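Observations on the three-dimensional arrangement
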Amino acid sequence: MRPDQPARDGYADRMADTPPGAPLPPSPTAPALPPPGGAGPRMPLRRLGWRRALVLAGTVLFIAACALFMVFTLGENLGVEALLIGVVAAILPVPVLVGCFLWLDRYEPEPLKYLIFCFAWGAFVSTAASLTVNEFSAGLFEDWGLPTALTAVLVAPFIEELTKALGPILILIFRRREISGITDALVYCGLSAVGFAMVENILYLGGYGYASGVERYGPATGTQQVIAIFIVRILLFGFAHPLFTSMTGVGLGIAARTASRWVRVLAPLAGLLLAMMLHGLWNLLPTLTQATGQTLIMLYGFIGVMVPVFFGMVGLAVWLRAWEGRLTERTLPDYVRAGWLTPPEVAALSSLGRRHAARVWAKRVAGDGGLKAMRGYQFAATRLALLRDGALRGLDRRPADRERTAREERELLEAIGAYRSFFVGRDPQVPVGIWDGQRYHLRFPDGTQRSVEAPDEPVVPIPVVLVPPPPPAHPAGFGPPGWYGQRPPAPWPPGHH
């Protein structure tokens, strides 16, 4: 594959080793092996200053206080036995739902601390605020002589969706680079919704299910009601809360990838409003069904509205997941031209199947250390593609943001080189060589050297050895002038994306 061509199906199913761009040395040789048993390279870490430590401690204490409040409130209302039964039943679907969202995030896994933060925020902070507001509103409706069921339609959708989304919104405000697109926002919002649904299910399963059944007819009836509520709320409608909050996730993801200030404000608001409306409609269906006695209202609303919206969102999420993989093919060729990556290497990043084949190859030639390094390499390359795409979109308008992007770009390129050193030049089945941004310079077993143009569709990528990276030539990053916002000049053809 030449630098100006996208990868084709079946292309580059094995990983190539490539160097950062540098002058061609006279005789390529394999790099020295990393120290045996030594720690592998890591992604650049952010230093924990006293301010960040203080914010972290305050956040943990706040979430812990909300968790204690919910445990005390549920225990006081349900009793210990009903609380334990509700907890056990409500936790059962959580690994499945969390696994679905983590599956979406395989190209660029989000930091574990932010995933835990969103889940805990939805489980404790959002439920604590929503429970307080809903109970207060129900009391007001009762004092006004209105049905308390109106709380589920007029209050609950707004406070619940707002508080569930607030955790991911805080990440977008204070850690904007952790949300690199709609997929990331869907994951954060989805985990917040899963945490919220888990605690809410404890109330329904333990309180409306077991406790009420035991109070009326005994433990057998309580158990039957728990099973019935589990089937309806979890097996049939367990997707409801994640579906509602995913609307907000779409808005947050759009805001994270646009340079327009208006879109950054309006997209999250539109997504949040749509989530509230969908949630309100969902709560309205059983209310109307109970008031009119017409069960067809619930059936038509479920089949005619919720099912199409659900499958539409699933299709969007799967498409976005594939788009994130193809992003490397659209942005990383800039680094191929500069000599930091080779065409087969970029192609090997474009799908999960190719990434898996690359990890298998790295383990074969470099053992477990090579496997770990390949995983880190793929993650760093995806981050680099997202960083480059953001720069081309004009997300970094302020000089400080552009300097930060240049620094992160440099750190990611250095990390890629460090990861690559664990498996570069280890495959004895192919000649070693160097990629200079235009062609391969190979050295064969008989000692001869030859320059080879990049083939259109090589069957086996050509591994090349690691050479020292050049110093950055421009303060804005490793690219030429106009690196931010404009495509590089030739050899890229006009209109190439």
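All residue numbers refer to position in the chain's written sequence, counted from 1. Where local features are concerned, this predicted model is filtered to residues with pLDDT of at least 70; where side-chain atom pairs are given and counted, the filter is 80 or more; whole-chain, interface and lining totals use all residues. To obtain the side-chain values, all non-hydrogen atoms of the structure were included, while hydrogens and water were left out.

**Quick word on the pattern of salt bridges**
Using the following cut-off: Counted as salt bridges are all cases of a side-chain nitrogen of Lys or Arg within 4 Å of a carboxyl oxygen of Asp or Glu. For the purposes of this entry, the term helix denotes a DSSP run of H or I that reaches at least four residues, the term strand denotes a run of E that reaches at least two, and both are numbered from the N terminus. Each residue gets one of three labels from its accessible area relative to the maximum for its type: buried under 20%, exposed over 50%, partly exposed in between, using a 1.4 Å probe on protein chains only.
Summed over all chains, the structure comprises 12 salt bridges. Notably, a salt bridge pairs Arg398 with Asp401, separated by 3.1 Å at the nearest N-O pair. Notably, a salt bridge pairs Arg404 with Glu408, separated by 3.2 Å at the nearest N-O pair. With Arg404 and Glu408 both in helix H15 (residues 399–420) and 4 residues apart, the pair spans about one turn of that helix. Given a relative accessible area of 26%, Arg404 falls into the partly exposed group. Each of the salt bridges in this network shares a partner with another, and the network as a whole consists of Arg177, Arg404 and Glu408.

**Some thoughts on the nonpolar core**
Filter applied, for reference: Side-chain atoms within 4.5 Å link the members of a nonpolar core, which is a set of buried Ala, Val, Leu, Ile, Met, Phe, Trp, Tyr and Cys residues. Contact between two residues is taken to exist if any of their heavy atoms lie within 4.5 Å; hydrogens are not considered.
Leu74, Ile171, Ile179, Leu186, Tyr188 and Leu205 are the most contacted members of the largest nonpolar core, which has 64 residues in total. At 13 residues, helix H7 (residues 182–216) tops the list of elements feeding residues into this core. Those residues in contact with Ile171 that lie beyond four places of it in its chain are Tyr114, Phe117, Cys118, Arg176, Glu178, Ile179 and Tyr188. Tyr335, Ala380, Leu384 and Trp435 belong to the second-largest nonpolar core, a separate cluster that totals 31 residues.

**Describing empty space enclosed by the protein**
Condition: The distinction between a cavity and a pocket rests on a 1 Å grid over the protein atoms alone: a 1.4 Å probe fits inside a cavity but cannot get out, while a pocket stays open yet meets protein on both sides within 12 Å along at least five of seven lines, and a residue with an atom within 4 Å of a point counts as lining. Grid points are joined across faces, edges and corners, and a volume is the space filled by probe spheres set on the points.
Across all of its chains, the model carries 7 cavities of 30 Å³ or more by this definition. Within this model, the largest cavity holds a volume of roughly 210 Å³. Lining the largest cavity we find 16 residues, and of these Arg177, Ser180, Arg257, Leu386 and Leu387 sit closest to its centre. Listed by contribution, the elements that provide at least two residues to the lining of the largest cavity are helix H14 (352–392) and H15. Take the lining of the largest cavity: its biggest share by element is 4 residues, from H14. Reported here for the second largest cavity is a volume of approximately 50 Å³. If you go around the second largest cavity, the residues you meet are Ala90, Pro93, Val94, Leu97, Val194, Ala197, Met198, Asn201, Ile234 and Gly238. Looking at the lining of the second largest cavity, the elements that each hand over two or more residues are helix H3 (94–104) and H7.

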